[in-house]
Each structure stands twice: as C-alpha cells, then as structure tokens.
Amino acid sequence: MAENKLSAREAALIAQARAQLAKTAAPPQEVQPAQPAAIRPVAKDEHERSVPAPAVPAPDAAERIAALMQAARAESERQRQRRRKLYVWTPLAFITVLGLWTLLWLWHRL
C-alpha cells in the first residue's frame, strides 16, 4: 500500500504499532545455568501450577498492523451505526414531545 494513500489515522496506527514493536523487541539474552544450591525438590501439584503456558508466537509487524487497522475499522463502523441510530431517534423524540405538547395545549384550550 502506497504511503500517500494512507489516511492520517491509518498512518498514526502504523506508527504506534512500530513504536510498540521497537520497545518490545529486545536483544536475546544469554541463558545462565541454574546454580546447584537453587535446585530443590518440587511436589507434583506444585510443579503443575508453576509450569507456564506455552508461549504464543508473536505476530510479525504486518500482522499486528493489519489487526490494528481492522480494530480501527470496526470501531469506526460501530460509531457510524450509533450516529445513524441517533439521526433517527432524536428527531422522532423531538416530534413526539412537540406533538404531545400540542395535544395538551389544545386540551386546555377547550
């Protein structure tokens, strides 16, 4: 996708994703072997609770940007639907109140 075809919001999302990826991308650290004094026997149930869940591979930058763009589009669509509902219900409520007020005024004029 060409840079000049991106909207300002899409460009901001891409810049935000790149900044987050730059912060989280750390150089690999060397694994240090465990010290013999730090090793102790572990009960079976304690071992099962302490085993971390398998790591989910981190998505690459393009996948992350695509996910952010999809989330932004979904949010925009949700806001558009909400505005559309307000454009129907606000005039209806106004006309209803105006009509009821007119009927009340006519009732009191009798």
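Located above this text is the structure these notes cover.
Residues numbered from 1 in each chain as written. Predicted model: local features only at pLDDT ≥ 70, side-chain atom pairs only at ≥ 80, totals over all residues. Heavy atoms only, no water.

Q: Help me understand the overall build of the protein in this model?
A: Looking only at helices and strands, one finds three helices and zero strands in the protein. Listing the helices and strands of the protein from first to last along the sequence gives α-α-α. (Helix = DSSP H or I, 4+ residues; strand = E, 2+ residues; numbered from the N terminus.)

Q: Looking at this structure, how should I read the nonpolar core?
A: As a rule of thumb, soluble globular proteins bury nonpolar side chains together. Counting seven residues, the largest nonpolar core is built from Leu6, Leu13, Ile14, Ala17, Ile65, Met69 and Ala72. Among the elements of the structure, helix H1 (8-24) and helix H3 (61-109) are those that each provide at least two residues to this core. (Core = buried A, V, L, I, M, F, W, Y, C linked by side-chain atoms within 4.5 Å. Buried < 20%, exposed > 50% of the residue type's maximum accessible area, 1.4 Å probe, protein only.)

Q: What exactly am I supposed to notice about the side chain of Glu10 here?
A: Summarising the element assignment, Glu10 is placed in helix H1. Overall, Glu10 belongs to the buried group, its relative accessible area being 19%. In this structure Glu10 touches Lys5, Met69 and Arg73, once residues within four positions along its chain are discounted. (Contact = heavy atoms within 4.5 Å.)

Q: How should the packing of H1 against H3 be read in this particular structure?
A: For any two helices packed against each other, one specifies the inter-axial angle together with the distance between the axes. Orientation of H1 relative to H3, taken along the N-to-C sense of each, is 140 degrees, at an axis distance of 10 Å. With respect to their mutual orientation, H1 and H3 come out oblique. Pair H1 / H3 crosses with right-handed handedness. Contacts between H1 and H3 involve Arg9, Glu10, Leu13, Ile14, Ala17, Gln20 and Leu21 from the former and Ala61, Arg64, Ile65, Leu68, Met69, Ala72, Arg73, Glu75 and Ser76 from the latter. Class assignment of the residues belonging to the contact of H1 with H3 gives a composition of nine nonpolar, two polar and five charged. (Axes fitted to C-alpha atoms, helices over the stretch in contact; angles between N-to-C directions. Parallel < 35°, antiparallel > 145°, perpendicular 65-115°, else oblique. Left-handed = near helix turned anticlockwise from the far one by under 90°. Nonpolar A, V, L, I, M, F, W, Y, C, P; charged D, E, K, R; others polar.)

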